[in-house]
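Next come the chains, spelled out residue by residue.
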Amino acid sequence: MAVVEVQGRSPVPTIAPDEMPEGTIPGTWGWGSPPRHGDVDAATARMVRQRRLDARLDHPALWRAGLARLSHYAPDYEYDVAHEYERDWTTDPDYGAEGVKLLDYDEDGFVSPNATRHGSLIALIVQALRDALGNRVANEPELHFDQRIGEMLGLLTGEGKGKKQVVPDLVVLPPELAWPADRERGKRGRVLHLEQGDPVPELVAEVVSPTSEQRDLEDKRGLYAALGIAEYLVIEPGEPPDPFQGDPEISPTIRLYCLESNGDYQLVTDSSESFQVCGTLVRLLQPEAGKMPVFQWWDANQELWRDPASDRERHGIRLGEVMNTLKFLDAVLPDLSWEARNLIEAHWLAEGPPEDVADRILTAGQRPDEWRALLEIPR
């Protein structure tokens with residue numbers, strides 16, 4: 001087996017024709033990239049994965065030269081020889097380059113995207129926590145830390161160097177790092193350099209997949225404790241039933257660890273009952289058969305459990321109710337200023353009209369100077 005350098009890619013092994021597995025048709029798949037399901041059999045896929053790793057280990061200079069030609073190359077990042085880095089994808093879960101999707105090797109040696117259930121659930125949790133805590137919740141942030149911490153904890157690359165960056169599924173930042181609600185956090189707004197004095201997140205969360213269980217429950221748990229992050233939320237999304245394989249449904253679970261004074265995490269809850277994160281009551285509801293679990297937070301002002309889907313449903317109902325009520329308001333108080341009307345509309349859309357709103361509007365028609373108090377619109 002020889003090693004060749006391919007423009008813009010990592011150095012890869014070239015397989016001679018007599019080394020190709022029996023039944024493989026030359027030209028149907030290039031050995032310069034990891035195979036995917038349908039390209040070859042599992043034994044071949046595992047062999048190719050090992051040979052690509054051996055090529056990187058045996059020829060580190062060629063490998064690094066290939067990395068440097070990638071458009072997303074980051075000179076300060078500690079690239080891990082155990083992982084693949086390509087033009088638009090990687091197998092390194094700590095590589096936070098924008099526009100580079102994360103793939104993973106399965107047990108048969110094929111690369112494939114992360115489970116969509118994982119991504120969908122974390123999106124729901126991010127939105128729910130952002131509604132509850134404001135715009136200080138960031139998904140897939142870069143957490144940079146002193147490389148000595150990685151070395152001390154044994155979080156090493158394939159070349160034995162300490163890790164100095166991870167990309168958790170989400171973090172809750174301190175209140176002083178909150179952004180306006182309508183401002184979108186881009187790449188720059190999701191980077192924390194703890195080794196340079198940036199504030200430590202209040203909470204970090206990971207959604208566990210079968211391939212990340214050891215990493216999330218042990219390695220990252222020790223890292224986040226060492227970094228002083230007060231709360232660590234671990235969600236196992238479960239799996240829907242598989243009617244073809246006969247596999248039963250696996251229910252989702254959620255665990256919250258809180259940092260103790262001795263520097264270790266203590267398990268606070270491992271159930272789907274309600275509990276507090278960052279001072280806010282939350283819960284993970286068990287899903288209906290074949291559906292996604294639901295992550296909710298308790299809105300003390302409205303005295304109800306909220307989640308993005310329920311909010312959209314309520315907003316749709318509330319929108320119709322508010323529009324009809326505003327028509328009645330316009331008929332009774334035609335001289336009400338647009339500024340006052342817009343204020344009423346915004347408040348009712350957020351909180352809903354009072355239960356006896358029709359009577360209140362009629363009373364306000366007789367006492368228009370008292371519309372604000374009568375319609376329960378705060379100053």
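Residues numbered from 1 in each chain as written. Predicted model: local features only at pLDDT ≥ 70, side-chain atom pairs only at ≥ 80, totals over all residues. Heavy atoms only, no water.

S.K.: Before we go on, may I ask you to explain the pattern of salt bridges in this structure?
M.R.: When their charged atoms lie close together, side chains carrying opposite charge are able to pair. Evaluation of the coordinates by the stated rule reveals 24 salt bridges. Between E202 and R136 there is a salt bridge; the shortest N-O distance is 3.3 Å. Highlighted residues: E202 in the loop between β10 (191-193) and β11 (203-207) and R136 in the loop between α3 (116-133) and β6 (137-139), separated in sequence by 66 residues. Relative accessible area serves as the criterion here: at 9%, R136 is assigned to the buried category. A salt bridge links D311 to R306, with the shortest nitrogen-to-oxygen separation between them at 2.9 Å. For the pair D311 and R306, a shared accessibility class is recorded, and that class is buried. Among the charged side chains, a salt-bridge network with shared partners connects D80, D92, D94, K163 and R215. (Salt bridge = Lys/Arg side-chain N within 4 Å of Asp/Glu carboxyl O. Helix = DSSP H or I, 4+ residues; strand = E, 2+ residues; numbered from the N terminus. Buried < 20%, exposed > 50% of the residue type's maximum accessible area, 1.4 Å probe, protein only.)

S.K.: Got a minute to help me understand helix α6 (residues 308-332) in this structure?
M.R.: Every α-helix carries 3.6 residues per turn, so stepping three or four residues along brings you back to the same face. For α6, built from 25 residues, the straight-helix expectation of 36 Å at 1.5 Å per residue is met to within 8% by its first-to-last C-alpha distance of 35 Å. Here α6 has its buried residues at P308, D311, R318, V322, T325, L326 and L329. In this structure D307 caps α6, since a side-chain oxygen of it lies 3.1 Å from the backbone nitrogen of A309. (Expected span 1.5 Å × (residues − 1). Polar contact = N/O pair within 3.5 Å; in protein donor to acceptor, adjacent residues only side chain to side chain.)

S.K.: Just to check I follow, could you spell out unusual backbone geometry for this structure?
M.R.: Phi is mostly negative for residues that are not glycine, and the peptide bonds are mostly trans. Within the chain, E140 stands out as a residue other than glycine whose phi angle is a positive 45 degrees. On the accessibility criterion, E140 (46% relative accessible area) is partly exposed. Positive phi outside glycine occurs at C278, with the angle close to 50 degrees. Examined against the element boundaries, C278 turns out to sit in the loop between β15 (275-277) and β16 (280-285). Note on C278: relative accessible area 17%, which makes it buried.

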